[in-house]
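Chain by chain, the residues run as shown.
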Amino acid sequence: MLTSSSDTAEKRGRFICLEGIEGVGKSTHLGAVVSHLRDRGIPVVSTREPGGTPLGEALRDLLLSSNFPPMHGDTELLLMFAARAEHLRHFILPALEAGTWVVSDRFTDATYAYQGGGRCIPVERIAILEEWVQGAVRPDLTILLDASVSTGLARAGKRGTADRFEQETVSFFERVRAVYLDRAYKAPHRYAVVDAEADLSQVKSALLARIDDLLLRQADSLP
Ligand code: TMP
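Residues numbered from 1 in each chain as written. Predicted model: local features only at pLDDT ≥ 70, side-chain atom pairs only at ≥ 80, totals over all residues. Heavy atoms only, no water.

**Details of the nonpolar core**
- Among the nonpolar cores identified, the biggest contains 44 residues, and I16, L37, V103 and Y114 are the most heavily contacted of them.
- Broken down by element, the residue count for this core peaks at six residues, all from helix 9 (residues 200-221).
- With residues up to four places along the chain from it excluded, the contact list for L37 reads I16, I42, V44, W101, V103, I211 and L215.
- Judged by nonpolar contacts, the second largest core, of 16 residues, contains C17, L96, V102 and V137. (Core = buried A, V, L, I, M, F, W, Y, C linked by side-chain atoms within 4.5 Å. Buried < 20%, exposed > 50% of the residue type's maximum accessible area, 1.4 Å probe, protein only. Helix = DSSP H or I, 4+ residues; strand = E, 2+ residues; numbered from the N terminus. Contact = heavy atoms within 4.5 Å.)

**Looking at the side chain of R164**
- Tracing the sequence through the fold places R164 in the loop between helix 7 (149-157) and helix 8 (170-186).
- By relative accessible area, which is 14% here, R164 ends up buried.
- Of note is the side chain of R164, whose polar atom sits 2.8 Å from the side chain of E76.
- Apart from the residues within four sequence positions on either side, R164 is in contact with L63, L64, S65, S66, M71, E76 and R119. (Polar contact = N/O pair within 3.5 Å; in protein donor to acceptor, adjacent residues only side chain to side chain.)

**Things to note about the site of the ligand**
- Taken together, 14 residues sit near the ligand, with E22, R106, T111, Y114 and Q115 positioned nearest.
- Here R106 contributes a side-chain N or O atom positioned 3.0 Å from an oxygen atom of the ligand.
- Contacts to the ligand include T111, whose side-chain N or O atom sits 2.6 Å from an oxygen atom.
- A total of 480 Å² of accessible area belongs to the ligand in isolation, and the protein chains cover 93% of it.
- Of all elements in the fold, only helix 3 (54-64), helix 4 (73-97) and helix 5 (108-118) reach the threshold of two or more residues within the shell around the ligand. (Near = heavy atom within 4 Å. Areas by Shrake-Rupley, 256 points an atom, 1.4 Å probe, with all protein chains shown as cover.)

**A short note on the packing of helix 4 against helix 6 (residues 123-134)**
- For the pair helix 4 and helix 6, the least separation of the axes is 10 Å and the interaxial angle reads 20°. On the basis of the axis angle, helix 4 is roughly parallel to helix 6. Read as a crossing pair, helix 4 and helix 6 show a hand that is right-handed. Contacts between helix 4 and helix 6 involve D74, L77, L78, F81, R84, A85, L88 and R89 from the first element and R125, I126, L129, E130, W132, V133 and Q134 from the second. (Axes fitted to C-alpha atoms, helices over the stretch in contact; angles between N-to-C directions. Parallel < 35°, antiparallel > 145°, perpendicular 65-115°, else oblique. Left-handed = near helix turned anticlockwise from the far one by under 90°.)

Here it is, written out as structure tokens:
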């Protein structure tokens, strides 16, 4: 039997990302998303950015470390995309092509939010790197866990020593949050915004409902 392009598209795994400022509970909820998909018989792997490969995790250590003199914004941006290039080629794309779904704790929306919003790097520079490193690859769904900066930072503050990003100012995180919300507002078909101020079980139900919407849309698009 001939394999049509729609067969190939049907077989390809889906790419879901969780985003938000520090302390919104991404890591906690990532496990729930993965279990939810597994319970429905979907092959799925989880990962994170920066990181996800041995070299990417080493770059993550450099990026989060406070042991160096202040890092230039361009260096930070390029290291994020260097880690992403490894992650895409050695982890994300092979999984998607094998029909496995990938759930990532952060991806390029974080670069627009943190390096673009937080560090005020022009968005055009980020778009050039996105195109270069990713080509047409974009998440199928990005779930933005949204909470106020005061809530997020208060929760993150309970986790112990602050990394280089967690030491940033409230206004830095206000800019990060504003970019996330703006991107979600401009592309509602690709984002789901979940109110992360609510208690854990409410956030989890809202988030899993959005995953079910995606599953339904996938089913509808099948021949
Ligand atoms: P986290 O994954 O534990 O939240 O930590 C990763 C940190 O890296 C977080 O503060 C956001 C930051 N980050 C960026 O600044 N740009 C990026 O592109 C990514 C993926 C993460």
